[in-house]
Amino acid sequence: MSISRSDIDLHPADGGGEKPVRAADRILQSARELFYRDGIRAVGVDEVVQRAGVTKPSLYRSFPSKDELAASYLRLYQHEFWTRFDAAMAAHPGDPRKQILDYLAGLAQRATAPAYRGCGLSNAGVEYPEATHPARLVSEAHKRDLRQRLRQIAGELGAADPAALGDGLLLLIEGTFITGQIFHGGGPATSLVKTAELLIDASAKRG
């Protein structure tokens, strides 16, 4: 079952007249927390329903399988990713350099936090090598979209070879996803923005 972001917004059941949180929402939010922290394969549906405070039949009424729950988690994660990315773009209209560096500065900050576990979509791609697995399909589609966006930005930056610069930025981002999990504070992520600036400058067209 595919759940759109409009179905995901959570409403606290505090007795103040707001809508109670639906079981499907609680399940998805619990899965998001557990899958991101521990990995999808390591978390069973029993742990998800226990954390969500629902029954296992409730889970399967909303998500036909754990695989579909994993894919729904990744679609939610993808929405969160693009919300951050697009916010950086919107903050600096017409200035692609500031746009991408703003996003990278935010990523560097997140990647040095103690509980950082990288990118859920990248992690899922490693966990599920099967080409047709629902989680793999969401992960791959997202990464292709990100690659295209970065190449577009590289063109707006005036790079001599936009494809190469876009791919270079993608490699920096994916490297930050991984090294952030290993080093946390004080790791390579602290040099992300500076490294990106050097790459962008080196990629500029020469007159």
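Here, every reference points to the structure presented above.
Our subject in this report is the structure included herewith. From a predicted model like this one, the values you see are computed outputs, not experimental measurements.

1. A few points about the overall build of the chain
In step 1: When helices and strands are tallied, the chain shows nine helices and zero strands.
In step 2: Counting from the amino terminus, helix and strand elements in the chain follow one another as α-α-α-α-α-α-α-α-α.
In step 3: Partitioning the contacts of the chain with sequence separation of at least 6, the portion at a separation of at least 24 is 62%.
In step 4: When the accessible surface of the chain is split by element, carbon and sulfur atoms take 55% of a total near 10,300 Å².

2. Here we look at the pattern of salt bridges
In step 1: With the rule as written, the count across this model stands at 14 salt bridges.
In step 2: Across the pair Asp25 and Arg22 runs a salt bridge, and its minimum N-O distance is 3.3 Å.
In step 3: Owing to a relative accessible area of 39%, Arg22 belongs among the partly exposed residues under this scheme.

3. Remarks on the nonpolar core
In step 1: Phe35, Val48, Leu69, Phe85, Ile100 and Tyr103 are the most contacted members of the largest nonpolar core, which has 55 residues in total.
In step 2: Contributing elements (two or more residues each) for this core: helix H1 (23-38), helix H2 (45-52), helix H4 (66-91), helix H5 (96-111), helix H6 (120-127), helix H7 (134-156), helix H8 (162-183) and helix H9 (192-202).
In step 3: When residues in this core are grouped by element, the largest group, twelve residues, is from H4.
In step 4: Once you skip the residues sitting within four places of it in the chain, Val48 turns out to touch Ile27, Ser30, Ala31, Leu34, Phe35, Val43, Leu59 and Leu69.

4. Let's talk about H2
An α-helical turn contains 3.6 residues, so any two residues separated by three or four positions project in the same direction.
In step 1: Those residues of H2 that fall on the buried side of the exposure criterion are Val45, Val48, Val49 and Ala52. Take H2 and look down its axis: the buried residues cluster within an arc of 90 degrees, on one side only.
In step 2: Of the surrounding secondary structure, the elements contacted by the buried residues of H2 are H1, helix H3 (56-62) and H4.

5. Looking at the packing of H8 against H9
In step 1: Between H8 and H9, the shortest axis-to-axis distance is 10 Å and the interhelical angle comes to 165 degrees. One finds that H8 runs roughly antiparallel with respect to H9. Read as a crossing pair, H8 and H9 show a hand that is right-handed. Here Leu165, Gly168, Leu169, Leu172 and Thr176 of H8 lie close against H9, whose contacting residues are Leu192, Thr195, Ala196, Leu199 and Ile200.
In step 2: Looking at the contact of H8 with H9, its residues break down into seven nonpolar, three polar and no charged.

6. Considering the environment of Gln99
In step 1: Along the chain, Gln99 falls in helix H5.
In step 2: The spacing of Gln99 and Met89 is ten residues in sequence and 4.8 Å in space, taken between C-alpha atoms.
In step 3: When neighbours within four sequence positions are excluded, Gln99 is seen to be in contact with Ala88, Met89, His92, Pro93, Gly94 and Glu156.

7. Concerning the packing of aromatic side chains
In step 1: In total, this model carries eight aromatic pairs according to the counting rule given.
In step 2: Ring centres of Phe35 and Tyr73 lie 5.5 Å apart, and the angle between their planes is 65 degrees; on these two criteria the pair is classed as edge-to-face. Of this pair, Phe35 sits in helix H1 while Tyr73 sits in helix H4, and the two are 38 residues apart along the sequence.
In step 3: Of the residues examined, Phe35 reaches a relative accessible area of 2% and is grouped as buried.
In step 4: Considering the side-chain rings of Trp82 and Phe85, the 5.3 Å spacing of their centres and the 85 degrees angle between planes classify their relative orientation as edge-to-face. One end of the pair is Trp82 and the other is Phe85, both in helix H4 and three residues apart, which spans about a single turn. One exposure class covers both Trp82 and Phe85, and it is buried.
In step 5: A cation sits over an aromatic face here: Arg32 above Tyr36, 5.2 Å from the ring centre.

Basis of the calculations
- Residues numbered from 1 in each chain as written.
- Predicted model: local features only at pLDDT ≥ 70, side-chain atom pairs only at ≥ 80, totals over all residues.
- Heavy atoms only, no water.
- Helix = DSSP H or I, 4+ residues; strand = E, 2+ residues; numbered from the N terminus.
- Contact = heavy atoms within 4.5 Å.
- Areas by Shrake-Rupley, 256 points an atom, 1.4 Å probe, with all protein chains shown as cover.
- Salt bridge = Lys/Arg side-chain N within 4 Å of Asp/Glu carboxyl O.
- Buried < 20%, exposed > 50% of the residue type's maximum accessible area, 1.4 Å probe, protein only.
- Core = buried A, V, L, I, M, F, W, Y, C linked by side-chain atoms within 4.5 Å.
- Arc of directions from axis to C-beta.
- Axes fitted to C-alpha atoms, helices over the stretch in contact; angles between N-to-C directions.
- Parallel < 35°, antiparallel > 145°, perpendicular 65-115°, else oblique.
- Left-handed = near helix turned anticlockwise from the far one by under 90°.
- Nonpolar A, V, L, I, M, F, W, Y, C, P; charged D, E, K, R; others polar.
- Phe/Tyr/Trp six-rings, centres within 6.5 Å; stacked < 30°, edge-to-face > 60°.
- Lys NZ or Arg CZ within 6 Å of the ring centre and 35° of its normal.

So yeah, pure geometry; function would need other evidence.
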